[in-house]
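# What the coordinates show
The chain contents come next:
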Amino acid sequence: MIRFEDVSVTYDGAPEPTVRGIDFEVPEGELVLLAGPSGVGKSTVLGAVSGLVPHFTGGTLRGRVTVAGRDTRTHKPRELADVVGTVGQDPLSHFVTDTVEDELAYGMESLGLAPDVMRRRVEETLDLLGLAGLRDRPIATLSGGQQQRVAIGSVLTPHPSVLVLDEPTSALDPAAAEEVLAVLQRLVHDLGTTVLMAEHRLERVIQYADQVVLLPSPGAPPILGDPAEVMAVSPVYPPVVALGRLAGWSPLPLTVRDARRRAGDLRQRLEASEGSALQGRGELRDQPRTTRTRHHSAPPTPSGEARALSVTRARIQALHDITLTITPGETIALMGRNGAGKSTLLNSLVGLVKPSSGTVRVGEATPHRTAPKDLVRKVGLVPQEPRDLLYADTVAAECAAADQDAGTDPGTCRALVTELLPGVTDDTHPRDLSEGQRLALALAVVLTARPPLLLLDEPTRGLDYAAKARLVTVLRALAAEGHAIVLATHDVELAAELAHRVVLLAEGEVIADGPTADVVVSSPSFAPQVTKILAPQHWLTVAQVRAAQEETGR
Amino acid sequence: MGSRPARPPGGRADGAAARAGAGGAPQRRAAHPTRPERRRRAQLHPGAWWLWALALGTAATRTTNPLLLALLITVSAYVVATRRPDTPWSRSYGAFVKLALAVILIRLLFAIVLGSPIPGTQTLLTLPELPLPAWAQGIRLGGEVTAEALTFALYDGLRLATLLICVGAANALANPSRLLKSLPGALYEMGVAVVVALTFAPNLIADVQRLRAARRLRGRPDKGLRGLLHVGLPVLEGALERSVSLAAAMDARGYGRTAQVPPAVRRTTAALTLGGLLGVCAGTYGLLTAEGAAYGFPLLLAGLAAALAGLRLGGRRSPRTRYRPDRWDVRAWLVVASGVAVAALLALAAARDPAALHPGVVPLVAPTLPLWPAAAVLLGLLPAFVAPDPKEPS
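From a predicted model like this one, the values you see are computed outputs, not experimental measurements.

### Re a nonpolar patch on the surface
Residues and elements named next belong to chain B.
- Where nonpolar side chains cluster on the molecular surface, the patch consists of Ile-106, Leu-109, Phe-110, Val-113, Leu-114, Leu-130, Leu-132 and Ile-139 and spans about 720 Å² of accessible area.
- For the nonpolar patch, the element with the highest residue contribution is helix α5 (residues 92–114), accounting for five residues.
- Within the secondary structure, Val-113 sits in helix α5.
- What makes Val-113 partly exposed here is its relative accessible area of 35%.

### Considering the interface of chain B and chain A
- Contacts between the two partners involve 65 residues from chain B and, on the opposite side, 75 residues from chain A.
- A buried area of about 6500 Å², summed over both sides, lies between chain B and chain A, and 53% of it is on carbon and sulfur atoms.
- Its largest share of buried area at the contact with chain A, chain B owes to Arg218(B), Arg253(B) and Tyr323(B), together 15% of the area lost on that side.
- Glu398(A) serves as the salt-bridge partner of Arg218(B), at 2.7 Å between the closest nitrogen and oxygen.
- Seen at the junction of chain B and chain A, the total is 20 residue pairs in polar contact (both at pLDDT 80 or more).
- Of all the secondary-structure elements, those providing two or more residues to the side of chain B that touches chain A are α1 (9–19), α2 (25–30), α8 (185–217) and α9 (224–252) of chain B.
- Taken together, the residues of the side of chain B that touches chain A sort by class into 31 nonpolar, eleven polar and 23 charged.

### Points about the sheet that holds strand β5 (residues 70–71) of chain A
Residue and element names in this part refer to chain A.
- Pairing is antiparallel across the open sheet formed by four strands, whose spatial order is β2-β1-β4-β5. A single partner strand is all that each edge strand has here, and the edge strands are β2 (19–26) and β5.
- Sheet topology note: the strand β1 (residues 2–10)/β2 ladder contains five bridges and is antiparallel. Opposite Phe-4, over in β2, you have Phe-24 as the bridge partner.

### Remarks on the layout of surface pockets
Residue and element names in this part refer to chain A.
- The space that makes up the second largest pocket amounts to roughly 520 Å³.
- What lines the second largest pocket is a set of 23 residues, among which Tyr-237, Ala-242, Tyr-465, Ala-469 and Glu-497 lie closest to the centre.
- Of all the elements in the fold, those that place two or more residues in the lining of the second largest pocket are α9 (239–247), α17 (465–480), α18 (492–498) and α21 (542–553).
- Looking at which element gives the most residues to the lining of the second largest pocket, the answer is α17, with five residues.

### Quick look at the confidence of the model for chain B
All names here are of chain B.
- Mean pLDDT over chain B stands at 80; residues scoring 70 or higher make up 86%.
- Per-element confidence in chain B is highest for helix α4 (residues 66–83), whose mean pLDDT is 93, and lowest for α2, whose mean pLDDT is 38.
- Note that pLDDT drops below 50 for residues 1–39; the model gives that stretch 49 contacts with residues more than four away or on any other chain.
- Reported confidence for the predicted complex is 0.80 by ipTM and 0.77 by pTM.

### Let's talk about the nonpolar core
All names here are of chain A.
- Counting 71 residues, the largest nonpolar core has Met-197 and Leu-534 as its most contacted members.
- Look past the residues within four positions of Leu-534 in its chain and what remains in contact with it is Ala-263, Leu-266, Arg-267, Leu-270, Trp-539 and Val-545.
- Core analysis: the second largest hydrophobic core is formed by 68 residues, Leu-346, Leu-416, Leu-471 and Val-486 among them.

### Side note on the packing of aromatic side chains
- Summed over the entire model, instances satisfying the criterion amount to three aromatic pairs over all chains.
- Ring centres 5.7 Å apart and planes at 75 degrees place the aromatic pair Trp49(B) and Trp52(B) in the edge-to-face group. Of this pair, Trp49(B) and Trp52(B) both sit in helix α3 (residues 46–61), separated by three residues, roughly a single helical turn.
- The class of Trp52(B) is buried, set by a relative accessible area of 0%.
- Centre to centre, the rings of Trp328(B) and Trp333(B) are 5.6 Å apart; their planes meet at 80 degrees, and the pair counts as edge-to-face.
- Above the ring of Tyr237(A), the side-chain terminus of Arg245(A) is found at 4.0 Å from the ring centroid.

### Thoughts on the state of the cysteines
- Tallying each qualifying case throughout the model produces zero disulfides over all chains.
- Here Cys413(A) stays unpaired: no disulfide links it, and the sulfur of Cys399(A), its closest cysteine neighbor, is 3.3 Å away.

### Quick word on the packing of helix α3 (residues 100–111) of chain A against helix α5 (residues 144–156) of chain A
Residue and element names in this part refer to chain A.
- Packing of α3 against α5 brings their axes to within 6 Å, and their N-to-C directions diverge by 35 degrees. Counting all contacts with α3, which are made through Val-100, Glu-103 and Leu-104, the residues of α5 involved are Val-150, Gly-153 and Ser-154.
- Its residues assigned to classes, the contact of α3 with α5 shows three nonpolar, two polar and one charged.

Definitions and limits used
- Residues numbered from 1 in each chain as written.
- Chains lettered and ligands numbered in written order.
- Predicted model: local features only at pLDDT ≥ 70, side-chain atom pairs only at ≥ 80, totals over all residues.
- Heavy atoms only, no water.
- Patch = residues over 30% accessible without salt bridge, like charges linked within 9 Å, V, L, I, M, F, W, Y side chains within 5 Å.
- Areas by Shrake-Rupley, 256 points an atom, 1.4 Å probe, with all protein chains shown as cover.
- Salt bridge = Lys/Arg side-chain N within 4 Å of Asp/Glu carboxyl O.
- Helix = DSSP H or I, 4+ residues; strand = E, 2+ residues; numbered from the N terminus.
- Buried < 20%, exposed > 50% of the residue type's maximum accessible area, 1.4 Å probe, protein only.
- Contact = heavy atoms within 4.5 Å.
- Buried area = accessible area lost by both parts, 1.4 Å probe.
- Polar contact = N/O pair within 3.5 Å; in protein donor to acceptor, adjacent residues only side chain to side chain.
- Nonpolar A, V, L, I, M, F, W, Y, C, P; charged D, E, K, R; others polar.
- Pairing = 2+ DSSP bridges.
- 1 Å grid on protein atoms, 1.4 Å probe; cavity = no way out; pocket = protein on both sides within 12 Å on 5 of 7 lines; lining within 4 Å.
- Points joined across faces, edges and corners; volume = space filled by probe spheres on them.
- pLDDT = per-residue confidence, 0-100.
- Core = buried A, V, L, I, M, F, W, Y, C linked by side-chain atoms within 4.5 Å.
- Phe/Tyr/Trp six-rings, centres within 6.5 Å; stacked < 30°, edge-to-face > 60°.
- Lys NZ or Arg CZ within 6 Å of the ring centre and 35° of its normal.
- Disulfide = S-S within 2.5 Å.
- Axes fitted to C-alpha atoms, helices over the stretch in contact; angles between N-to-C directions.

See below:
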């Protein structure tokens, strides 16, 4: 259905091809996953299928890409619109009209389908994607998961034989991601649609893939094959594969179910060490000290505190009666659906949002009444889009500005950048950094003022496993130094890895607050893969299992 | 096969129906694809709303009677309150009302500061007058403020405010982008481009707010003009990036596909459109000059007809079809008729009884409500009863 013949793409002004030697074929009706670390050209490969590369982006494409027998060399994207449906990373920049029903019809109108056909397909698609109740809603009022489904629906209505998706689940909470993936699987199974998608969160998608195309490193030729085989050699892999590699299972399990079947042995071996590790259960081994307030006879002054906090915005109650104490050295993961109020809570801790009732305190200060200059020394927030924090056109200028803003010695920020991002030169433009590097730069800028309370909003969106691992190391070191950290995240694996405490929000209220192990284990959608595999034992991460095995081995 | 022309509905539909087998339920519904009863949540043609609101606005320009103007505002506000859908753009009504208030205030302020040509006797207060050089004769700064001048300014401002509120009502009742659906095919793509350009502004405001918040996170003051200037460049960058990705998405979804058209048709289109526009120009010129009145009007009509025919023929190049176009039904006629009736009756009243519609300011008299023009304005309430209620589930 999609055939790449020795394709290489060189963008204008780039010395080297972004991708080269791409040569594979996606058969009809398969779901193929494009995997690899950031910056290997996954989006370029996806763009080549719809013809946007090189017709829209510029650059030179060598070789040949054919989709359903049409050569993208001679067919512009609009002439492929009836066979290829493309959904980019940000569904919001995909919408042309403003209500759900019109958006679903837009593609068909462009293709000139007859009105009765359009009407029928819109109804079918509304049912297929579970959007019937939302048909008249303005798109701007939908949640992230709903928008993603509308975006997929809008390219489905012309009945394309190929669907190309770039990170369809990255911005979604676990439940919404499952929803979207269930729809994709239904399309592949029932309608024979061919799907090619790129995704960083392999733990969510690998089980649905018929084949995996792996781009191991920039410029390297792709490896195509059965998911289990490819995962055995891949530099990026989900926790279930990591556990499988650790335990030496072959073929590697890809689903929690497969892994559970094999895990009998491992569970037995771990039984003994779990007993010995029981006192540290649910908390990280390298955690410096017990930080939960009630363990202390005299509680330390909290880094941040919200008491009976309510926030009402545009007549919608975003937060309702939230009480939360953040102690120094503690890492808290805020989890919950898209729109549950996680970002609002973080924003009220930095004073971007005024509480409608209740109090917020950061150290000794009330955030929304404190001048920004003083507040940066008390609390720092890395927003969802780290780029928002960066204005300058070189890393050096950014660092100088950060030193000045924070009133610290010149060079403080630069030292932090060198520590977090070895190998980034002074004259690099922040826009040329990868997602992970940009996050690290924003983190360095925020840390320049040494705030005792650090807040991160969705820090792992768009990060590959290596960048995530680096972030985890950095954040752990900060927590060990006594920084309190609050993460709002959908990434259950990250929460399991980092957080001492998990706070679950729903509709602006706290519905669970406790040690990571207790909260996460009891919830099917928020449990990390390792927990699911090794239940009823309480393991959270592969690192814990590895440490336990080494201990018993010794 | 460069661009594939749309297949006849039957061929494609068969495949669609076969594929739909998985859905089950949809097929049952598909048996009656275009039943008029199952209209999308009962909506009136957006053109009808716009015509009704513009007619009310026209009526407002016929009078300066504050009671009649207030009645017009009340009528349009009542219709908006009962018939506006619950959508983001319908909330713009509040913004229009605020704008109208601002217009009245500015008009009053000008009358106070710059004086007014209205000769008045009842001086309310005297501002210190600024002596101006000889070349600025006719302009006055400060001086006497008379009750007559203020009343005149208030009436005048109110008339403008009513006009604005009427436009706001149209905006709240009908989504302007839905109006596009009624454009001829040849102009549709241009219309989409305009709408996309219009969404640029709200996105830009959202970006500015986000980036100013980010400035606060960096420890810089987030208020004041300097803060605004500093975020300017990143905001423009972001907006540009978003436009580019939207353009890519639109391209990939078939925006701008063209159908094969025989060269003869293409040439006829060009000739008709160009000739028509020339005719319109010449006709308008003829109408405006004294000696050309005889040939001006027919030429204008012929030019218009040729240009319209050109547009219609040009539509063939675009293979677009319309999804559930808005219907112009009896209710749309009634809504338009009620608006036009108000405008016509007020125009008639203004001709027959100018004193009642333009209450005197010199000497100052209390305005009275003329009975039958007021009754005419109440005709504008008709849409509140005949237009479908958007809040009612269909």
